[in-house]
Amino acid sequence: MKKILFFLLSIFALPVFSEVSGLQAYELMTAKKAVMLDIREKDEIKEGMIKGANWLPLSELNSNPTATVKNLKNLMKDKELYIYCRSGRRADAFISQIKADGIKGLNLGGYNDLVSKGLPSQKP
């Protein structure tokens, strides 16, 4: 019984991340087969962004969903979409919101984790 309870708690306590590693997503992005999207806010990206990632803060999606979804669809053009934020929690929220508009996205987790795993970063 304890094992089942632990399993259920672990599923619901952690954000769900993609099965694609950050490095794999980065390679797909540099090969122009994917789009990487940083959804952190302006004050958060001052520390840096993944090199080549696009920036679209979650607040923009919340304040102007129609235009933001249209721009996102134009950006993707039959490409995979990989999303990251500070920890991965907002990426899940972003994915839930765009899913209603027929857009699939995968959560890469948090910026610092991606950089610690070797993804190059740059100042915006």
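Up top you'll find the structure we're talking about.
Since this is a predicted model, take the numbers as computed values, not measurements. (Residues numbered from 1 in each chain as written. Predicted model: local features only at pLDDT ≥ 70, side-chain atom pairs only at ≥ 80, totals over all residues. Heavy atoms only, no water.)

## What to know about helix α5 (residues 65-76)
The criterion, for reference: Runs of E in the DSSP output that reach at least two residues are strands. Runs of H or I that reach at least four are helices, and both are numbered from the N terminus. Helix span, as expected, comes to 1.5 Å for every residue beyond the first. Using a 1.4 Å probe on the protein chains alone, a residue whose accessible area is under 20% of its type maximum counts as buried, one over 50% counts as exposed, and one in between counts as partly exposed. What the arc measures is the spread of directions leading from the helix axis to the C-beta atoms. Throughout, a contact is declared for two residues whenever any of their heavy atoms are within 4.5 Å.
Between its terminal C-alpha atoms α5 stretches 16 Å, which fits the 16 Å expected from twelve residues at 1.5 Å a residue. Those residues of α5 not exposed but buried are Thr68, Val69, Leu72 and Met76. Axial view of α5: buried residues confined to an arc of 95 degrees, hence all on one face. Exposed side chains of α5 directed beyond 90 degrees from the buried face belong to Thr66 and Lys70. Looking at the buried residues of α5, the elements they touch are β1 (34-38), α4 (58-63), β4 (80-85) and α6 (89-99). Lys77 sits one or two positions beyond α5 and adopts a positive phi of about 40 degrees.

## Describing the nonpolar core
Most often, soluble globular proteins keep nonpolar side chains buried together rather than apart. What counts here: Here, the term nonpolar core denotes a set of buried Ala, Val, Leu, Ile, Met, Phe, Trp, Tyr and Cys residues that are joined through side-chain atoms within 4.5 Å.
Among the nonpolar cores identified, the biggest contains 17 residues, and Leu37, Ile39, Leu72, Leu81, Ile83, Phe94 and Ile98 are the most heavily contacted of them. Taken together, the elements giving at least two residues each to this core come down to β1, α4, α5, β4 and α6. Among the elements that take part in this core, α6 stands out by supplying four residues, more than any other. Core analysis: the next-biggest nonpolar cluster, separate from the first, contains 15 residues, Ala34, Ile45, Met49 and Ile50 among them.

Nothing here speaks to function; it is geometry throughout.
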